[in-house]
Amino acid sequence: YDKGTRGTVNGADRLKDLVLPLLVDGVESMVHRGWSVDVYLICGFEELKEDRRQMIQDALPTGVGLEVWDDAIPYYYVKKFNQQLKRPDQTIEFAPHGLS
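Note that this is a predicted model, so its numbers are computed, not measured.

Procedures and definitions
Residues numbered from 1 in each chain as written. Predicted model: local features only at pLDDT ≥ 70, side-chain atom pairs only at ≥ 80, totals over all residues. Heavy atoms only, no water. Patch = residues over 30% accessible without salt bridge, like charges linked within 9 Å, V, L, I, M, F, W, Y side chains within 5 Å. Areas by Shrake-Rupley, 256 points an atom, 1.4 Å probe, with all protein chains shown as cover. Salt bridge = Lys/Arg side-chain N within 4 Å of Asp/Glu carboxyl O. Helix = DSSP H or I, 4+ residues; strand = E, 2+ residues; numbered from the N terminus. Polar contact = N/O pair within 3.5 Å; in protein donor to acceptor, adjacent residues only side chain to side chain. Core = buried A, V, L, I, M, F, W, Y, C linked by side-chain atoms within 4.5 Å. Buried < 20%, exposed > 50% of the residue type's maximum accessible area, 1.4 Å probe, protein only. Contact = heavy atoms within 4.5 Å. Expected span 1.5 Å × (residues − 1). Bend = angle between axes of the 7 residues up to and from the residue.

S.K.: Looking at this structure, I do not really get a nonpolar patch on the surface. What am I missing?
M.R.: On the surface, Tyr 75, Ile 92 and Phe 94 cluster together into a nonpolar patch covering about 330 Å² of accessible area. The topology assignment puts Ile 92 in the loop between β3 (75-76) and β4 (93-94).

Structure, rendered in structure tokens:
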């Protein structure tokens, strides 16, 4: 759900209103061509709730597979402009911007 930042509306359902229509349109066009289609959804959050997963599965054409990879946020070291670590004792951190 949107947080209301960067020109979005707080509470808007980005999955239902933006991602799902594009996904379904693309999948339907492939299915109409006679292709077998499986969707692999890579999520940058801890867990896709079962009701959200079911919403996606229900929107997909019959016979289309759905695999979900939860918690897929990459890791990185924070570096300075010269690619040196900012602190010698630093540890890796989540890089949620890597999925943007």
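S.K.: Hey, could you run me through the side chain of Asp 13 in this one?
M.R.: For Asp 13, the location among the structural elements is in the segment before α1 (14-32). Reaching out from Asp 13, the side chain makes a polar contact with the backbone nitrogen of Lys 16 at a distance of 3.1 Å.

S.K.: Please explain the nonpolar core as it appears in this structure.
M.R.: A general tendency of soluble globular proteins is for nonpolar side chains to be buried together. By size, the foremost hydrophobic cluster in this structure holds 13 residues, and its most contacted members are Val 27, Val 39, Leu 41, Ile 56, Leu 60, Val 64 and Leu 66. Listing elements by their share of this core, those giving two or more residues are α1 and β1 (38-42). If you tally residues by element for this core, the top one is α1, at four residues. Every residue in contact with Leu 60, bar those within four places of it in the chain, is listed here: Leu 23, Val 24, Val 27, Val 39 and Leu 66.

S.K.: So what exactly am I meant to see when it comes to α1 here?
M.R.: Given 3.6 residues per helical turn, the α-helix brings residues three or four places apart onto the same face. Look at α1: 26 Å from first C-alpha to last across 19 residues, which is about the 27 Å you get at 1.5 Å a residue. The largest bend along α1 reaches roughly 40 degrees and is located at Leu 20, with the proline Pro 21 sitting one to four residues downstream. Those residues of α1 hidden inside the fold are in contact with β1 and α2 (50-59). Measuring from the backbone nitrogen of Leu 15 back to the side-chain oxygen at the start of α1 gives 3.3 Å, which picks out Asp 13 as the cap.

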